[in-house]
Amino acid sequence: MSGKGIAVYPASLDPIHYGHIDVAIRASRFFEQIIVAIYANPKSKSVLFNIEERVELARDVFQDYPNVSVTQYSTLTVNYAQSIGAIALIRGLRVFGDFEFEFRMGMANRKLAPELETIAILSDEQFIHISSSTIREIAELGGDVSSMVPPTIERALKEKFS
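Everything quoted here is computed from the prediction, not taken from an experiment.

Undergrad: Just to check I follow, could you spell out the packing of aromatic side chains for this structure?
TA: Within a pair of aromatic rings, the relevant descriptors are the distance that separates the centres and the angle that separates the planes. By the definition in use, this model includes four aromatic pairs. Between Phe62 and Tyr65, the ring centres sit 6.4 Å apart and the planes meet at 75°, which makes this aromatic pair edge-to-face. A connected cluster of aromatic rings, assembled from ring pairs, spans Tyr39, Tyr73 and Tyr80.

Okay, here's the thing in structure tokens:
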């Protein structure tokens, strides 16, 4: 089942993991198209993978999902969403702290772009412990991240830390 319109799933995806993938695929059932939009300039945090690598890895992950595409952007998220005619922003919620942050962000986005809906998708319980920062730390120390990321991402992490 797919609905109508375009939804944007904004994220930094450094790296993309099964939690991100789960949210995007589940959201894809409700919209004609999900744009996984990777923010190119995350000034608030340093990144392991540059923007080209993050886009390439995400495109590889979603290659078998025809209504999920991957792009990058470097503007205000609501401005990007408006520029492509999106009707919604997708956000994933894992833990209670995510709810507080996403609630505040959703309210700010609503003030900036009242025509855009923010839709939160609760993470599947098997992924609530996963975060990109945790994955980076485990991988850097040589730990096993195979249950958290697809094989292509695991290989890319090993290459980065070898």
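Structure shown, so let's carry the discussion forward.
Undergrad: Honestly, the nonpolar core in this entry has me stumped. Any pointers?
TA: Inside soluble globular proteins, nonpolar side chains tend to come together where they are buried. Core analysis: the biggest nonpolar cluster contains 36 residues, and Ile16, Ile34, Val36, Phe62, Ile90 and Leu157 have the highest contact counts within it. Looking at this core, the elements that each hand over two or more residues are β1 (6-11), α1 (18-27), β2 (33-39), α2 (51-61), β3 (68-73), β4 (88-93), α5 (132-140) and α6 (151-161). Looking at which element gives the most residues to this core, the answer is α2, with five residues. In this structure Ile34 touches Ala7, Tyr9, Ala24, Ala27, Ser28, Asn67, Val68, Ser69 and Ile90, once residues within four positions along its chain are discounted. Among the nonpolar cores identified, the runner-up in size contains 11 residues, and Val8, Tyr73, Tyr80 and Ala86 belong to it.

Undergrad: Help me understand the side chain of His17 in this model?
TA: Relative to the elements of secondary structure, His17 occurs in the loop between β1 and α1. Assessed through its relative accessible area of 4%, His17 is described here as buried. Beyond its immediate sequence surroundings of up to four residues, His17 is in contact with Ile130, Ser131, Ser132, Ile135, Met148 and Val149.

Undergrad: Explain the pairing of strand β5 (residues 117-122) here, please?
TA: Each regular strand displays side chains that alternate between the two surfaces of the sheet. Where β4 meets β5, six bridges bridge the pair, whose relative direction is parallel. Following the sheet pairing, Gly92 is matched in β5 by Ile121. Taken together, β4, helix α4 (residues 96-112) and β5 form a β-α-β motif whose crossover is right-handed.

Undergrad: Just to check I follow, could you spell out the sheet that holds β5 for this structure?
TA: Within a sheet, each strand pairs with its neighbour through backbone hydrogen bonds, oriented either parallel or antiparallel. Taken together, the five strands give an open sheet; going across it, the order is β3-β2-β1-β4-β5, and neighbouring strands pair in parallel fashion. Each edge of the open sheet carries a strand with a single partner, namely β3 and β5. Ignoring strand direction, the axes of neighbouring strands in this sheet form an average angle of 30°. Relative to β2, β1 runs parallel, the two being bridged by six bridges. Along β2, the bridge assignment pairs Ala7 with Ile34.

What counts and how
- Residues numbered from 1 in each chain as written.
- Predicted model: local features only at pLDDT ≥ 70, side-chain atom pairs only at ≥ 80, totals over all residues.
- Heavy atoms only, no water.
- Phe/Tyr/Trp six-rings, centres within 6.5 Å; stacked < 30°, edge-to-face > 60°.
- Core = buried A, V, L, I, M, F, W, Y, C linked by side-chain atoms within 4.5 Å.
- Buried < 20%, exposed > 50% of the residue type's maximum accessible area, 1.4 Å probe, protein only.
- Helix = DSSP H or I, 4+ residues; strand = E, 2+ residues; numbered from the N terminus.
- Contact = heavy atoms within 4.5 Å.
- Pairing = 2+ DSSP bridges.
- Right-handed = clockwise from strand over helix to strand, strands pointing away.
- Axes fitted to C-alpha atoms, helices over the stretch in contact; angles between N-to-C directions.

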